[in-house]
Amino acid sequence: MTRAVLSLGSNLGDRLGHLRAAVRALDDVLLVASGVYETPPWGDDDQPAYLNAALLVHDAAATPRDWLERARALEKEAGRVRDPDRRFGPRTLDVDVIAVWSEEGEPVVRDDPELTLPHPRAHLRAFVLRPWIDIQPYAQLPGHGWLTDLLNAEPLASDALAISPRPDLRLESS
C-alpha cells in the first residue's frame with residue numbers, strides 16, 4: 001500500500017554499525033539510502049554527535065502502522081532503551097517514520113498519538129531534511145513545502161551549516 005521515508009539516527013555505541021544493521025534489515029523494501037551525515041544533538045546538547053541518514057522504502061502491503069512497527073523493531077534490535085525522563089536523549093538507534101504515500105502517490109495524513117503523519121517536527125529538523133534531499137532532491141514534505149526551501153529558510157539554515165557530510169562512511173546493503 002505504501003512508500004515511506006524513514007529517518008535513521010545513532011549516537012551511542014557503534015553508530016555506523018547500528019545504521020548499517022537497519023539498512024540490512026530493510027533490504028527487502030529498500031529503494032535508496034542517503035549518504036551519512038554527522039550532526040550535533042538536537043533537543044538536548046549534553047550528548048555525543050549523531051550519525052544520520054534517510055531511507056526511501058516501498059512495500060505494496062505495508063500500512064503506516066506496519067512502518068512504525070518495523071521502526072520500533074529495528075530500535076529494539078539495536079538495544080535502544082527509552083529514558084522516560086530524557087525525551088531527546090542519546091540512543092543506539094532512532095528510526096522515525098517521516099512521511100508515507102499511498103500506492104497512488106497521495107500523502108498519508110493522520111493525527112494519531114502514536115503515529116502522526118507527516119512527522120510533526122520534520123520541518124524543523126535539518127538532520128532529517130538534508131539526508132532526505134539526497135534520495136529525493138525535488139521532494140516536498142506534505143503540508144510544509146519543498147525540502148530545499150525548508151532547509152534554506154531560518155531557523156534551519158544555521159542548523160544545516162552544522163551538518164557534516166561523511167562520504168567516508170557508507171550504508172552498504174546486501
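See the structure above.
A short tour of the structure in this document, coming up. Every chain is numbered independently, its residues counted from 1 as its sequence is written. Given that this is a predicted model, residues contribute local features only at a pLDDT of at least 70 and side-chain atom pairs are listed and counted only at 80 or more, while totals for whole chains, interfaces and linings are drawn from all residues. Only hydrogens and water are removed before side-chain values are computed, so all heavy atoms of the structure are retained for them.

Details of the pattern of salt bridges
No. 1: We define a salt bridge as a side-chain nitrogen of Lys or Arg found within 4 Å of a carboxyl oxygen belonging to Asp or Glu. Under the counting rule described, the total for this entry stands at 10 salt bridges.
No. 2: In this structure, Arg-15 engages Glu-38 in a salt bridge whose closest nitrogen and oxygen atoms are separated by 3.0 Å. You can see Arg-15 sitting in helix α1 (residues 15-25) and its partner Glu-38 sitting in strand β3 (residues 37-39), a full 23 residues away along the chain.
No. 3: A salt bridge links Asp-28 to Arg-70, with the nearest nitrogen and oxygen atoms 3.3 Å apart. One end of the pair, Asp-28, is in the loop between α1 and β2 (30-33); the other, Arg-70, is in helix α2 (residues 64-77), and 42 residues separate them in sequence.
No. 4: With a relative accessible area of 59%, Asp-28 lands in the exposed category. Comment: elements are numbered from the N terminus, with helices defined as DSSP H or I runs of at least four residues and strands as E runs of at least two. Only protein chains enter the calculation, and the probe is 1.4 Å; a residue is then buried if its accessible area is under 20% of its type maximum, exposed if over 50%, and partly exposed in between.

Some thoughts on the pairing of strand β4 (residues 50-59)
No. 1: Taking burial as the measure, the 10 residues of β4 include eight buried ones, the bulk of the element.
No. 2: Paired strands are those between which DSSP finds at least two bridges. The sheet contact formed by β2 and β4 spans three bridges and is antiparallel. If you follow Ala-33 over to β4, its bridge partner there is Leu-55.
No. 3: With three bridges joining them, β3 and β4 adopt antiparallel strand pairing. Pairing of Thr-39 across the sheet is with Tyr-50, part of β4.

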